[in-house]
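The residues making up each chain are set out below.
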Amino acid sequence: MKQFLAFVRKEFYHVFRDRKTLLLLFGMPIAQIILFGFALTNEIKNTKIVICDNSNDIATRAIIDKLEVSKNFEIEQVFLNNNEIEETFKKGKVKLVIVFPPNFNHSLNHENKAQVQIIADASDPNTANTLTMYATSIIGDYHKELMAGRKIPLQIETEMRMIYNPELKGATNFVPGVMALVLFLVSVLMTSVSIVREKESGTMEVLLVSPFNAVLVVISKAIPYFFLSIINLIVILVLSVTLLDMTIKGSVILLFLESALLIITALSLGLLISNSTASQQTAMIISLMGMLLPTVLFTGFMFPLENMPLVLQVISNIIPAKWYYIIVKSIMIKGLGFSAIWKETLILMGMTLFLLIVSIKKFKVRLS
Amino acid sequence: MSDVILSNIKKTYNKGEVEAVKNVSFSVEKGELFGLIGPDGAGKTSLFRILTTLLLPDGGKASVNGFDVVKDYKTIRKKVGYMPGKFSLYQDLTVEENLTFFATVFNTSIEENYELIRDIYIQIEPFKNRRAGKLSGGMKQKLALCCALIHRPTVLFLDEPTTGVDAVSRKEFWEMLKRLKKQGITILVSTPYMDEAMLCERIALIQNGEILSINTPEKIIDGFPDQLYAIKAEKMGMVLKDIRQFENVQSCNSFGEYHHLTFKQDNKAEKQLKEWLANRNHQNVEIQAIKPTIEDCFIQLMQ
């Protein structure tokens with residue numbers, strides 16, 4: 001135990017005396033969360049839309065007025081046929097077209113239902129999704145007002161059409177994804193250099209010729225970084241809530257415990273990398289280049305996993321950040337409790353255990 | 001009982017392509033100050049790493065304190081002290097922190113064995129709050145020695161401890177080793193400096209992974225087969241060339257301000273050479289018979 005404490009103390013000295021790295025470790029997540037948070041925001045302002053009002057009656061004008069008031073749209077009213085609509089989309093300036101059929105108000109009053117068509121350019125699925133939502137909700141608004149004084153239920157059927165990408169799947173909130181990415185990468189990166197640094201500086205040579213315990217050495221390496229990552233987590237959460245207006249619907253304590261689990265998983269992976277490489281440079285390349293791409297690709301927050309070929313979907317299962325992303329979404333956005341995420345938690349625990357055992361087994365008791 | 005025994009130790013690198021150590025056998029007695037003398041790349045570090053259980057030999061057997069270096073590596077690691085050739089302490093830890101850390105790793109404390117390191121530690125104690133990376137070369141070596149001694153090892157392995165250290169610190173270092181020897185610690189030291197060989201009780205001359213000779217330094221010098229001469233003249237470069245053309249010369253090598261040479265037949269050779277050089281317009285030629293050094297023996301054994 002005394003030995004273990006000596007190792008941990010030594011690791012803390014290493015971490016806190018390396019000011020530049022320390023600054024980087026705290027600076028990087030902050031920069032990333034701000035960058036990702038603002039760059040990946042999905043609020044859309046002043047988008048050009050086209051309205052084809054074939055009816056031009058009280059109802060359609062009321063809806064158009066409402067659309068015009070909203071800051072999201074810049075409206076152009078023209079009459080287009082189907083081919084012309086497609087032409088406008090191809091030019092790329094217009095993202096959304098709303099088509100009112102003839103006799104909109106008439107149908108609404110006499111048949112108790114009317115139709116409106118919303119066509120969106122879904123080559124950018126997230127934008128299309130958001131714009132359609134905006135438009136639908138504005139029409140819904142009008143519908144509610146209309147209903148207020150009536151006895152007979154009226155119906156406005158909004159028909160949505162996504163062109164170019166009918167299988168529309170889009171993320172609504174990036175913060176959980178960014179959390180998974182940043183927390184995971186920073187933790188892996190930090191530990192991945194820790195053991196290999198001792199190999200490079202030669203201190204491992206001296207350390208090996210002593211009655212050390214490999215398990216203690218490996219675990220003591222992870223402890224300072226665990227605390228640093230927890231601080232990082234707090235910073236990320238505070239930034240998300242204050243700067244990015246993210247709300248945490250579920251239990252904060254649960255979110256913390258699950259995040260701690262992901263951090264341990266990432267640290268174990270870092271230790272494995274550190275134990276398997278011979279130089280700090282290799283370790284860093286593996287943990288940055290080798291981890292960044294799979295994490296971004298397979299976590300599911302940028303590219304929907306459901307759309308991927310089956311092989312890639314299977315591969316995505318080995319990415320710890322994927323499971324964490326599901327957990328964070330469930331807690332932060334859906335406000336679910338542990339009963340909803342026990343499976344993902346168990347998977348992360350299993351991965352952690354596996355990585356830790358392998359990295360301890362990989363620890364070389366001799367040189368080369 | 002010998003503290004360190006090697007028999008037919010072999011070590012290759014790059015899947016057998018490079019033979020670093022070829023069939024090396026020797027033993028070091030308890031309490032002996034034993035020197036492994038040889039140039040860079042002779043295989044000294046490989047041997048040290050095999051003995052400190054850091055590398056597995058490709059052939060042969062070796063034991064330290066009676067424990068096998070392969071099977072009982074854990075026991076050996078508890079008992080020996082090792083100081084690698086490259087300074088290998090934590091540069092970002094202070095002198096005191098380094099020492100405390102290694103003491104704790106070996107389940108002891110600075111106080112417990114302070115008496116053993118006192119003479120050395122006193123010299124670096126004024127800098128105990130300085131980071132190890134900021135120490136001078138000689139100070140670093142002293143700290144490394146303290147760390148290697150903190151658990152009172154039975155055998156101390158010092159791999160080129162004086163490389164890159166100034167002459168004064170080197171001298172001090174050897175005096176420290178002599179004092180440690182009096183404490184009964186077996187010391188195995190390697191060095192590329194031939195002049196340091198004389199400070200060891202017994203030495204092994206090693207070259208290209210092979211032991212050339214093992215004996216006390218005095219006996220190795222006595223074993224030099226020929227009479228050795230030192231020669232000095234004005235144009236040393238030209239002289240070396242000309243001497244090597246003289247038929248009776250067996251070997252001639254440059255040694256600082258002198259050339260050292262031996263003759264095939266010693267009879268009157270000195271006089272003949274002088275005349276021969278005079279004919280070639282060499283001036284101020286001095287020749288004198290000298291006692292060989294370890295380096296002379298080493299060169300002679302290499303041939």
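Residues numbered from 1 in each chain as written. Chains lettered and ligands numbered in written order. Predicted model: local features only at pLDDT ≥ 70, side-chain atom pairs only at ≥ 80, totals over all residues.

1. Quick word on the environment of A:Met351
Selection criterion: Numbered from the N terminus, helices here are DSSP runs of H or I no shorter than four residues, and strands are runs of E no shorter than two. The burial label depends on the number of other C-beta atoms within 10 Å of a residue's C-beta. Counts of 20 or more mean buried, 12 or fewer mean exposed, and intermediate counts mean partly exposed, with C-beta atoms placed from the backbone.
Structurally, A:Met351 can be placed in helix 15 (residues 338-362). Take A:Met351: there are 21 C-beta atoms within 10 Å of it, and that puts it in the buried class.

2. Topic: the interface of chain B and chain A
Let me state the cut-off plainly: A pair of residues counts as a contact when their C-beta atoms, built from backbone coordinates, are separated by no more than 7 Å. We call Asp, Glu, Lys and Arg charged. Ala, Val, Leu, Ile, Met, Phe, Trp, Tyr, Cys and Pro are nonpolar, and the rest, Gly among them, are polar.
Contact with chain B, which involves 22 residues of that partner, is made by 21 residues of chain A. When residues of the side of chain B that touches chain A are traced back to their parent elements, those giving at least two are helix 2 (73-79) and helix 3 (95-105) of chain B. With 4 residues, the top contributor of residues to the side of chain B that touches chain A is helix 3 of chain B. Looking at the side of chain B that touches chain A, its residues break down into 12 nonpolar, 4 polar and 6 charged.

3. Thoughts on the confidence of the model for chain B
Going by this rule: pLDDT is a residue-level measure of predictor confidence that goes from 0 to 100.
The predicted model of chain B averages 91 in pLDDT, with 100% of residues at 70 or higher. Scored as a whole, the predicted complex attains pTM 0.77, and scored at its interfaces, ipTM 0.86.

4. Brief notes about the domain arrangement of chain B
Many analyses report the size of an interface as the accessible area lost when the parts associate. All names here are of chain B. For the record, the criterion: Domain start and end points were adopted from an automatic or database domain assignment.
Domain boundaries in chain B define domain 1 (2-222) and domain 2 (228-302). Distance from the C-alpha centre of domain 1 to the C-alpha centre of domain 2: 37 Å. The interface is formed by 11 residues belonging to domain 1 together with 9 residues belonging to domain 2. Of all the secondary-structure elements, those providing two or more residues to the side of domain 1 that touches domain 2 are strand 9 (202-207), strand 10 (210-215) and helix 7 (217-222).

5. What to know about the pairing of strand 1 (residues 47-53) of chain A
Residue and element names in this part refer to chain A. Formally: Any two strands are treated as partners once DSSP identifies two or more bridges connecting them. Here is how to tell: hold the view so the strands point away, follow the path from the first strand over the helix to the second, and if it runs clockwise the crossover is right-handed.
One ladder, built from 5 bridges, connects strand 1 with strand 2 (residues 73-77); its direction is parallel. If you follow valine 50 over to strand 2, its bridge partner there is glutamate 76. At this point the chain moves from strand 1, through helix 3 (residues 58-69), to the parallel strand 2, and the crossover so formed is right-handed. Note: strand 1 against strand 3 (residues 96-100), 5 bridges, orientation parallel.

6. Describing the nonpolar core
The cut-off we apply is this: By definition, a nonpolar core groups buried Ala, Val, Leu, Ile, Met, Phe, Trp, Tyr and Cys residues that connect through C-beta atoms lying within 7 Å of each other.
Formed by 78 residues in total, the largest nonpolar core has its most connected members in B:Cys146, B:Phe157 and B:Ile187. A total of 7 residues in this core trace back to one element, the largest contributor, which is helix 5 (residues 137-149) of chain B. Setting aside residues no more than four positions away along its own chain, B:Phe157 makes contact with B:Phe48, B:Leu51, B:Thr52, B:Val80, B:Gly81, B:Tyr82, B:Met83 and B:Leu188. Ranked by size, the runner-up nonpolar core spans 59 residues in total, among them A:Leu189, A:Ala321, A:Tyr325 and A:Ile331.

7. So, the confidence of the model for chain A
Residue and element names in this part refer to chain A. Per-residue confidence for chain A gives a mean pLDDT of 83, with 90% of residues at or over 70. No element of chain A has a lower mean pLDDT than strand 5 (residues 155-163), at 63, and none a higher one than helix 11 (residues 252-276), at 94. Long-range and interchain partners of residues 164-172, a stretch whose pLDDT sits below 50, account for 22 contacts in this model, where long-range means more than four residues apart.

8. Quick look at the domain arrangement of chain A
Partitioning chain A into domains gives domain 1 (2-40 + 172-362) and domain 2 (47-163). Once you take the C-alpha centre of each, domain 1 of chain A and domain 2 of chain A turn out to be 46 Å apart.

9. Some points on the packing of helix 1 (residues 2-17) of chain A against helix 3 of chain B
Packed helices, taken two at a time, are described by their axes: the angle between them and the distance between them. To keep things clear, this is the line we draw: Note on geometry: axes are C-alpha line fits, over the in-contact stretch for helices, and angles between N-to-C directions span 0 to 180 degrees. Relative orientations are named as follows: roughly parallel for angles under 35 degrees, roughly antiparallel for angles over 145 degrees, roughly perpendicular for angles from 65 to 115 degrees, and oblique for any other angle. It is the rotation of the near helix from the far one that decides the hand of a crossing: anticlockwise by less than a right angle makes it left-handed, clockwise makes it right-handed.
One way to put it is that helix 1 of chain A packs onto helix 3 of chain B with a least axis distance of 9 Å and a crossing angle of 150°. With respect to helix 3 of chain B, the axis of helix 1 of chain A lies roughly antiparallel. Our pair here, helix 1 of chain A against helix 3 of chain B, has a crossing hand that is left-handed. For the pair formed by helix 1 of chain A and helix 3 of chain B, the contact residues are A:Lys2, A:Gln3, A:Ala6, A:Lys10 and A:Tyr13 on the first element and B:Glu97, B:Phe101, B:Thr104 and B:Val105 on the second. The class makeup of the residues in the contact of helix 1 of chain A with helix 3 of chain B is 4 nonpolar, 2 polar and 3 charged.

10. Describing the sheet that holds strand 14 (residues 286-290) of chain B
Residues and elements named next belong to chain B. If you trace the 4 strands from one edge of the open sheet to the other, you get 12-13-11-14, paired in antiparallel fashion. The outermost strands of the open sheet, each flanked by one partner alone, are strand 12 (249-255) and strand 14. Within this sheet the neighbouring strands show an average axis-to-axis angle of 25°, counted without direction. Inspection of the sheet shows strand 11 (residues 228-232) paired to strand 14 by 5 bridges, in the antiparallel sense. If you follow tyrosine 229 over to strand 14, its bridge partner there is alanine 289.

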